[in-house]
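Listed below, chain by chain, are the residues.
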Amino acid sequence: MKHLKTLLAMLIIAIIFLFAACTGQAQETVEDTAGTETVLRITSNPEGAEVFINGEPYDGVTPLTIRGLSPGRYSVEVVKARYRKESRYVEVKPGENAVRFSLAETSLYYLWKITPLLLLGAVMTLFLTIISVFNGIIIGTFAGMARVVPVRLLNIISGVYVNFFRGTPLLVQIFMIHFGLPPVLGSLFGDGTPIPLNPFLSAFSALSINSGAYVAEIIRAGIQSIDRGQMEAARSLGMSYWQAMRHIILPQAVKRVIPPLGNEFIAMLKDSSLVSVIGMEELVRKAQVIVTRTYRPTETWLGVGLVFLMMTLPFTKVVTELERRLKTGD
Amino acid sequence: MIKVVNLHKRFSSLHVLKGITTHIKPGEVVCIIGPSGSGKSTFLRCLNLLEEPSAGEIFIEGVKITDHKVNINDVRAEMGMVFQRFNLFPHMTALQNITIGPVQIRKLSQEEAEERAYTLLDKVGLREKAHEYPDNLSGGQQQRVAIARALSMHPKAMLFDEPTSALDPEMIKEVLDVMKDLAKEGMTMVVVSHEMGFAREVSDRVLFMDDGVIVEEGPPSQLFNKPQNERTRSFLSKVL
């Protein structure tokens, strides 16, 4: 129910934006050439628009040549379904007159047209997030356990790792890997010239390592949330620390970390947008490319927002449901 | 069977045990009483090294367990422990709680372990609860399963850390009855308890601890009826 309200609010905002975007005015381009007969040629891109002269429908669609007009000032309007209608005043002079309309798609139609491109980006975002979080869970499980086991060296190493990657911005980590690592790799494994990384590899590494640090904290908290008495009871039976971990502590901890891991996935889904800065072609990068081509940032970015929402809302619902079930069941 | 020599335990600046020396014979039931904070539980937990003693020696059947060369897990397997808060494994059924030790540590087959587990469940009167999870059992039932779990390792001695303190009054008896049966069978038991009735009726010897030392010890009839020490007298006057 709560999600439905959020969605509704988003839709209302979207509609307001679309109406605001509709009020753009086109500029007048009139070309007239000298001739004997008074002719008005009306063209439009795309073609096939209906034409209204002084508010009256004219038979036929663009491109259209109108003959027999008396010179004067006319209001010309072109209308085409799924495109914004456009009108302007044309000073018709004796001879050849031409007027050209460049029709813009309506916001909804524009959004519909870029949807496949956005979805392609969304698939990449989703794919990148899934493999990064999966990797992060593997890294984080080891790092998280390394924080609680009674081995001082492991505690320190994983502590440094977790604090470094939780305490620095993800954007900086992406830069460190994508731009900072190539010279190091070059001097280690090459002749000293930087070895460039492809954006996917950099993005995947940065997100995995970052996610690993957050997952490590989730795992640590999960293990430490198990009552101390459980470890004591297991040890008092004669189990070793590792046996107790494996049979008693971890099976209980796993249940508790599932909901926070779901939240980590949602957070990573959103944060993955940062890898657009190194040219990784995910949803946000795709949108940037579209905007430079179409000059329609309003609808494009609104669309990106909606696509993100379409991905995060179902996962949020799943996590909420898991939390509810695990709370009652434990 | 259990010999403790000059045992000390410090928690940073806190000196909890200030030199405990005692000897528990096989088959003996020893109750430890005393005000809270007197070090009773710490002493008990030292006996299976859940707390590491700061100084002093503990021998179990002649083996010095405070020696670092001793495998601590082998020592604990021989000492059953029952906790105040039961500490059953909530992700396992009663039966699984009782079989996990024998299967994982004694390397018994699952069938053999289950067979023994059912015998133990019979002993604590909970065979019909074998497949229940701890959350679905009452406090008294949980504690009885916990006793069965401790017994599943065939321990040489049983340690009880205030086993009835977390129970509702009407459930105390069912747990004490199980403990009485155990005592009758000749199990060596060390019981930290506030149940003076149990101490008086079942124990062979009562230790009164206060401020980290054993103030007075003796058979219950003597300690309860003719306490020699002033502190014992004042404690008993408050609890009896």
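### Looking at the nonpolar core
Item 1. Core analysis: the biggest nonpolar cluster contains 56 residues, and B:Ile2, B:Phe43 and B:Leu47 have the highest contact counts within it.
Item 2. Per element, the largest residue contribution to this core is 8 residues, and it comes from helix H7 (residues 241-271) of chain A.
Item 3. When residues no more than four places from it in sequence are discounted, the contact partners of B:Leu47 are B:Ile2, B:Val4, B:Ile58, B:Ile60, B:Ile65, B:Met79, B:Leu159 and B:Val190.
Item 4. B:Ile147, B:Met158, B:Leu182 and B:Val206 belong to the second largest nonpolar core, which has 48 residues in total.

### Quick look at the pairing of strand S3 (residues 50-53) of chain A
All names here are of chain A.
Item 1. Covered by surrounding structure in S3 are Val 51 and Ile 53 only, the residues Glu 50 and Phe 52 on the alternate face being uncovered.
Item 2. Taking the residues between adjacent antiparallel strands as the criterion, S3 and strand S4 (residues 56-61) are bridged by 2 residues, where Asn 54 takes a positive phi near 50°.
Item 3. By the bridge criterion, 4 bridges tie S3 to strand S6 (residues 72-79) in an arrangement that is antiparallel. The residue of S6 that forms the bridge with Ile 53 is Val 76.

### Topic: the sheet that holds strand S8 (residues 188-192) of chain B
Residue and element names in this part refer to chain B.
Item 1. Taken together, 6 strands build an open sheet; the order of strands is S6-S7-S8-S3-S9-S10 and the sheet is mixed. Strand pairing shows two members of the sheet lacking a second neighbour, strand S6 (79-82) and strand S10 (213-218), which therefore form its edges. On average, adjacent strands in this sheet sit at an angle of 20° to one another, irrespective of strand direction.
Item 2. Helix H1 (residues 40-47) contacts strand S3 (29-33), S6, strand S7 (157-161), S8 and strand S9 (205-210) of the sheet and is inclined by roughly 150° relative to S7.

### Digging into the pattern of salt bridges
Residue and element names in this part refer to chain A.
Item 1. Within this structure, the stated rule accounts for 32 salt bridges over all chains.
Item 2. Between Arg 228 and Glu 232 there is a salt bridge, and its shortest N-O distance comes to 3.1 Å. Taken together, the residues Arg 228 and Glu 232, both in helix H6 (residues 228-237) and 4 residues apart, mark about one turn of the helix.
Item 3. For Arg 228, a relative accessible area of 61% translates into the label exposed.
Item 4. For Glu 232, a relative accessible area of 13% puts it in the buried group.

### Observations regarding H6(A)
Item 1. In terms of residue burial, H6(A) counts as a mostly covered element, since 9 of its 10 residues are buried.
Item 2. For H6(A), the set of buried residues is A:Gly229, A:Gln230, A:Met231, A:Glu232, A:Ala233, A:Ala234, A:Arg235, A:Ser236 and A:Leu237.
Item 3. In this structure, the buried residues of H6(A) make contact with H7 of chain A together with H1, helix H2 (72-77), S6, helix H3 (94-104) and helix H5 (139-151) of chain B.
Item 4. Two residues or fewer after H6(A) comes A:Gly238, characterised by a positive phi angle close to 110°.

### Observations regarding the domain arrangement of chain A
Item 1. Once the domains are mapped, chain A shows domain 1 (38-102) and domain 2 (107-328).
Item 2. Taking the mean C-alpha position of each, domain 1 of chain A and domain 2 of chain A sit 56 Å from one another.

### Side note on the confidence of the model for chain A
Item 1. Model confidence for chain A is summarised by a mean pLDDT of 90, while 89% of its residues fall at 70 or above.
Item 2. Taken as a whole, residues 24-29 of chain A scores under 50 in pLDDT and shows 9 contacts with residues more than four places along the chain or in a different chain.

### Notes on unusual backbone geometry
Item 1. The amide bond that connects A:Asn45 to the next residue, A:Pro46, takes the cis arrangement and shows omega of 0°.
Item 2. Mapped onto the elements, A:Pro46 comes out in the loop between strand S2 (39-45) and S3.
Item 3. Between A:Thr62 and the following residue, A:Pro63, the backbone shows a cis peptide bond with an omega angle of -5°.
Item 4. Of note in the backbone geometry, A:Arg82 takes a positive phi value of approximately 70° without being a glycine.
Item 5. Positive phi outside glycine occurs at B:Asn6, with the angle close to 45°.

### A few points about a nonpolar patch on the surface
Item 1. On the surface, A:Leu181, A:Val184, A:Leu188, A:Phe189 and A:Ile195 cluster together into a nonpolar patch covering about 480 Å² of accessible area.
Item 2. Tracing the sequence through the fold places A:Ile195 in the loop between helix H4 (170-189) and helix H5 (199-224).

### Digging into the sheet that holds strand S4 (residues 55-60) of chain B
All names here are of chain B.
Item 1. With respect to topology, 4 strands assemble into an open sheet ordered S2-S1-S4-S5, the strand pairing being antiparallel. Two strands bound the open sheet, and with one partner strand each, they are strand S2 (14-24) and strand S5 (63-64).
Item 2. Relative to S2, strand S1 (residues 2-11) runs antiparallel, the two sharing 8 bridges. Following the sheet pairing, Val 4 is matched in S2 by Thr 22.
Item 3. Set on the sheet, H1 makes contact with S1, S2 and S4; between it and S1 the angle comes to about 120°.

### So, the interface of chain A and chain B
Item 1. In this assembly, 18 residues from chain A lie in contact with 23 residues from chain B.
Item 2. Carbon and sulfur atoms supply 57% of the area that chain A and chain B bury against each other, a total of about 1700 Å² over both sides.
Item 3. Considering only the side of chain A, the residues that lose the most area to chain B are A:Glu232, A:Ser236 and A:Leu237, jointly responsible for 33% of the buried surface there.
Item 4. Along the contact surface separating chain A from chain B lie 1 salt bridge.

Definitions and limits used
- Residues numbered from 1 in each chain as written.
- Chains lettered and ligands numbered in written order.
- Predicted model: local features only at pLDDT ≥ 70, side-chain atom pairs only at ≥ 80, totals over all residues.
- Heavy atoms only, no water.
- Core = buried A, V, L, I, M, F, W, Y, C linked by side-chain atoms within 4.5 Å.
- Buried < 20%, exposed > 50% of the residue type's maximum accessible area, 1.4 Å probe, protein only.
- Helix = DSSP H or I, 4+ residues; strand = E, 2+ residues; numbered from the N terminus.
- Contact = heavy atoms within 4.5 Å.
- Pairing = 2+ DSSP bridges.
- Axes fitted to C-alpha atoms, helices over the stretch in contact; angles between N-to-C directions.
- Salt bridge = Lys/Arg side-chain N within 4 Å of Asp/Glu carboxyl O.
- Domains from an automatic or database assignment.
- pLDDT = per-residue confidence, 0-100.
- Patch = residues over 30% accessible without salt bridge, like charges linked within 9 Å, V, L, I, M, F, W, Y side chains within 5 Å.
- Areas by Shrake-Rupley, 256 points an atom, 1.4 Å probe, with all protein chains shown as cover.
- Buried area = accessible area lost by both parts, 1.4 Å probe.

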